[in-house]
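Report on the structure
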Amino acid sequence: MTDAPPQTKWATGSNLAFVSYAADPERNLVIAMGVVDNLGKGAAGQAVQNANLICGLPETAGLEGAPLWP
């Protein structure tokens, strides 16, 4: 979790997810925010994970590389 609102650029090229929230107790309101790189956390990442399992490789092979940012 981050103290500042997450930026999409933080997750670019990674398999990371950044989350944060803002609370307004007076209005009984919570705003949840999250960012992911859809290629890493979306269908492409899931396809790689499934291919790894089918081929007998470690489930996270090719998914734990260093992020491009920051």
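Before reading on, note that the structure itself is shown above.
Keep in mind the model is a prediction, meaning the values are calculated, not measured.

1. A word on the pairing of strand 2 (residues 29-36)
The side chains of a regular strand alternate between the sheet's two faces. Pairing of strand 1 (residues 17-24) with strand 2, which is carried by 8 bridges, proceeds in the antiparallel orientation. Within strand 2, the residue paired with Ala22 across the bridge is Ile31.

2. Some details on the side chain of Asn52
Inspection of the secondary structure puts Asn52 in helix 3 (residues 43-54). Dropping the residues within four chain positions of it, Asn52 is found in contact with Leu57, Pro58, Glu59, Thr60 and Ala61.

3. Concerning unusual backbone geometry
Phi is positive for Asn28, which is not a glycine, with a value near 55 degrees. Along the polypeptide, Asn28 turns up in the loop between strand 1 and strand 2. Asn28 gets classed as exposed once you look at its relative accessible area, which sits at 74%.

4. Focus on the packing of aromatic side chains
Across all of its chains, the model carries 1 aromatic pair by this definition. A centroid spacing of 5.6 Å and a plane angle of 75 degrees characterise the contact between Trp10 and Phe18, whose relative ring orientation is edge-to-face. On the basis of relative accessible area, Trp10 is assigned to the partly exposed category, the value being 23%.

5. Examining the pattern of salt bridges
Using the criterion set out here, one finds 1 salt bridge in the structure. Here Asp24 ties to Arg27 by a salt bridge, and the two come within 3.7 Å at their closest N and O atoms. Asp24 gets classed as partly exposed once you look at its relative accessible area, which sits at 24%. Accessibility expressed as a relative area gives 61% for Arg27, which makes it exposed.

The rules behind these values
Here the residue numbers are simple positions, counted from 1 along each chain's written sequence. Reporting in this predicted model follows two pLDDT cut-offs: at least 70 for local features of residues, and 80 or more for side-chain atom pairs to be given and counted; totals over whole chains, interfaces and linings ignore these cut-offs and use all residues. Side-chain metrics in this entry use all non-hydrogen atoms of the structure; hydrogen atoms and water are not considered. If DSSP finds at least two bridges between two strands, the strands pair. Helix and strand assignments come from DSSP, with helices taken as H or I runs of at least 4 residues and strands as E runs of at least 2, each series counted from the N terminus. Contacts are assigned to residue pairs that have any heavy atoms within 4.5 Å of one another. Note on exposure labels: buried denotes an accessible area under 20% of the residue type's maximum, exposed denotes more than 50%, and partly exposed covers the range between, all computed with a 1.4 Å probe on protein chains only. Any pair of Phe, Tyr and Trp rings, taking the six-membered ring for Trp, is counted once the centres come within 6.5 Å. Such a pair is stacked with planes under 30 degrees apart, edge-to-face with planes over 60 apart, and tilted for the rest. The salt bridge definition used is simple: a Lys or Arg side-chain nitrogen within 4 Å of an Asp or Glu carboxyl oxygen.

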